[in-house]
Amino acid sequence: MRLILRRILTQIGFEVLEAEDGQVALDMLARMDEPPELATVDWNMPNMNGLEFVTAVRKEARLRDMALMMVTTESEHNQIVRALAAGAHEYVIKPFTAVAIADKLALLGLVPNGATL
Amino acid sequence: MTLTAADFSYVVALVRREAAIVLGPGKEYLVEARLLPVAREVGLGGVGELVAQLQRRPDPSVQGRVVDALTTNETSWFRDREPFTALTDAVLPQLVQARAATRRLRVWSAACSSGQEPYGLAMTLERALPAGWSYEIVASDISAEMVERARAGCYSQLEVNRGLPANLLVEYFERVGAHWRVNATLRRSVAFQRLNLAAPLPPMAPFDLVFLRNVLIYFDIETKRSVLRNVGRLMRPDALLFLGAAETTIGVDDSYDRVPAGRASAYRLRTSAPVGVAGKG
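Values in this document were obtained by computation on a predicted structure and should not be read as measured data.

Student: Looking at this structure, how should I read the overall build of chain A?
Tutor: Counting its regular elements, chain A contains five helices and three strands. At 13 Å, chain A has a C-alpha radius of gyration in line with the 13 Å of a compact globule built from 117 residues. Considered along the principal axes of its C-alpha atoms, chain A spans approximately 35 × 35 × 25 Å. Classification of the 117 residues of chain A by burial places 35% in the buried group.

Student: Help me out: how do you make sense of the pairing of strand E4 (residues 173-176) of chain B in this one?
Tutor: Moving residue by residue along a regular strand, the side chains alternate between the two faces of the sheet. Residue and element names in this part refer to chain B. Bridging between E4 and strand E5 (residues 179-182) involves four bridges; their strand directions are antiparallel. Its bridge partner lying in E5, Phe 173 is registered against Val 182. Counted along the chain from E4 to the antiparallel partner E5, the turn is two residues long, and its residue Gly 177 has a positive phi close to 60°.

Student: How should the nonpolar core be read in this particular structure?
Tutor: Across soluble globular proteins, nonpolar side chains have a tendency to be buried as a group. Core analysis: the largest hydrophobic core is formed by 90 residues, its most contacted members being Met 70, Tyr 91 and Val 92 of chain A together with Val 210, Leu 212, Leu 240 and Leu 241 of chain B. Excluding residues that lie within four positions of it along the chain, Leu 240 of chain B makes contacts with Val 91, Leu 209, Ala 261, Ala 266, Tyr 267 and Arg 268 of chain B. Counting 13 residues, the second largest nonpolar core, distinct from the first, contains Val 11, Leu 14, Leu 36 and Val 47 of chain B.

Student: How should I be thinking about the packing of helix H5 (residues 82-98) of chain B against helix H6 (residues 116-128) of chain B in this particular structure?
Tutor: The axes of two packed helices give the description: the angle between them and the distance between them. Residue and element names in this part refer to chain B. At a minimum axis distance of 10 Å, the contact between H5 and H6 shows a crossing angle of 35°. Crossing hand, H5 versus H6: right-handed. Facing H5, whose interface residues are Phe 84, Leu 87, Thr 88 and Leu 92, H6 presents Gly 120, Thr 124 and Ala 128.

Student: Looking at this model, I keep getting lost on the interface of chain B and chain A. Mind explaining?
Tutor: How large an interface is tends to be reported as the accessible area lost when its parts come together. Opposite the 17 residues of chain B that make contact, chain A presents 17 residues. At the level of secondary structure, the elements contributing two or more residues to the side of chain B that touches chain A comprise helix H4 (60-71), helix H8 (157-160), helix H9 (166-172) and E4 of chain B. If you tally residues by element for the side of chain B that touches chain A, the top one is H9 of chain B, at four residues. Residues of the side of chain B that touches chain A, tallied by class, amount to five nonpolar, eight polar and four charged.

Student: Sorry if this is basic, but what is going on with the sheet that holds strand E3 (residues 90-93) of chain A here?
Tutor: For sheets, the rule is that strands pair by backbone hydrogen bonds, running either parallel or antiparallel. Residues and elements named next belong to chain A. What the three strands build is an open sheet, ordered E1-E2-E3; its pairing is parallel. With one partner strand each, in any of the chains shown, strand E1 (38-41) and E3 form the two edges of the open sheet. Taken pair by pair, the neighbouring strands of this sheet meet at an average axis angle of 20°, ignoring direction. Taken together, the four bridges between E1 and strand E2 (residues 67-72) define a ladder with parallel strand orientation. Along E2, the bridge assignment pairs Val 41 with Met 70. Taken strand by strand, helix H5 (residues 98-107) contacts E2 and E3, and its axis lies near 170° from that of E3.

Student: What is the right way to look at the pairing of strand E1 (residues 104-109) of chain B in this model?
Tutor: Residue and element names in this part refer to chain B. In terms of burial, E1 is largely enclosed, as five of its six residues are buried. Direction of pairing for E1 relative to strand E2 (residues 134-141): parallel, over a ladder of six bridges. Directly across from Arg 104, in E2, lies its bridge partner Ser 134. Since E1 and E2 lie parallel, the crossover through H6 that links them has a hand, and here it is right-handed. In this sheet, strand E7 (residues 207-212) lies alongside E1 in parallel orientation, the contact comprising three bridges. Within E7, the residue paired with Ser 109 across the bridge is Phe 211.

Basis of the calculations
- Residues numbered from 1 in each chain as written.
- Chains lettered and ligands numbered in written order.
- Predicted model: local features only at pLDDT ≥ 70, side-chain atom pairs only at ≥ 80, totals over all residues.
- Helix = DSSP H or I, 4+ residues; strand = E, 2+ residues; numbered from the N terminus.
- Rg over C-alpha atoms; globule rule 2.2 N^0.38 Å.
- Buried ≥ 20, exposed ≤ 12 C-beta atoms within 10 Å, placed from the backbone.
- Pairing = 2+ DSSP bridges.
- Core = buried A, V, L, I, M, F, W, Y, C linked by C-beta atoms within 7 Å.
- Contact = placed C-beta atoms within 7 Å.
- Axes fitted to C-alpha atoms, helices over the stretch in contact; angles between N-to-C directions.
- Left-handed = near helix turned anticlockwise from the far one by under 90°.
- Nonpolar A, V, L, I, M, F, W, Y, C, P; charged D, E, K, R; others polar.
- Right-handed = clockwise from strand over helix to strand, strands pointing away.

This is the structure in structure tokens:
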């Protein structure tokens with residue numbers, strides 16, 4: 001699923017970096033001069049899950065402009081509520097199509113230069 | 001049917017290459033139906049012309065639209081977005097002033113398909129209208145099956161992923177098994193009925209807003225004219241008509257003026273006296 005998402009995002013025009021869990025992602029973010037425009041976040045990850053990652057990111061002012069989009073099989077109503085309350089901007093339930101990802105990116109105002117959605 | 005065997009083969013190869021989708025024989029009707037709007041959107045008369053253009057000048061964005069049209073079965077929520085943003089930003093604030101005496105609005109979603117448009121209008125109105133206002137939405141479609149589906153208001157996970165902001169999903173929908181169903185607020189706001197736009201319309205109380213989106217393209221010019229004329233008779237004098245992104249009344253029916261509505265275009269019945277337009281009156 002990570003590969004499919006990577007391919008979709010690459011086709012749309014993003015440069016994609018991957019992290020296998022929330023803690024690795026936070027470490028990568030700390031080393032970057034400029035945060036990415038978007039983080040797609042699964043819920044269930046070892047070490048630090050998606051909800052914890054979102055919570056941690058939203059505490060950092062320098063990451064304020066990075067959009068957070070959950071992409072996960074977790075689809076209970078209260079889970080989506082919790083994710084949004086923790087600071088996720090969008091939520092995509094798996095399985096998803098490329099067009100659905102593109103739609104959500106448009107909602108977030110994220111269209112890389114020259115890309116057509 | 002304007003689709004030749006060669007055209008169909010071209011489309012089959014394109015979709016297989018770009019999306020790993022296999023369109024078997026017998027799907028010519030689907031290609032014709034799904035690609036006609038795409039052809040119109042890029043200013044061409046039919047699917048044959050679209051294929052010819054793609055063969056002459058492969059354009060990734062047009063190819064992308066072709067692939068999308070054939071591979072997505074789900075209608076998007078808030079399709080094209082701008083008409084809905086226009087309601088919130090420009091049209092509803094004006095209507096709120098214009099209807100201050102009655103504080104109610106009537107809206108018609110005139111080709112409602114599986115219901116995303118009327119429920120999307122309901123969500124928009126719920127959030128944009130001040131307290132104390134009421135609204136009713138009439139939603140109609142020629143297909144009784146679609147009307148039933150829309151009335152049930154039940155959508156799959158794939159369908160709710162299409163253009164519906166997550167915060168609206170949690171506010172207006174309930175999980176029912178693997179599906180999501182519109183909640184009572186939305187259900188009671190929309191009244192569904194079967195209706196054939198190309199036939200004489202049933203009498204209805206006049207509307208303040210009409211959404212007639214992406215349906216005129218399926219009609220010939222004479223039917224387009226009669227539909228626009230009949231719809232116009234059901235609009236209040238200052239009501240606004242919204243068409244699909246690639247559609248216009250210009251050249252079809254001169255009883256409408258095009259007016260700006262936020263960043264979208266809308267159509268208002270032309271009257272002999274000057275009517276207050278956006279920003280004036």
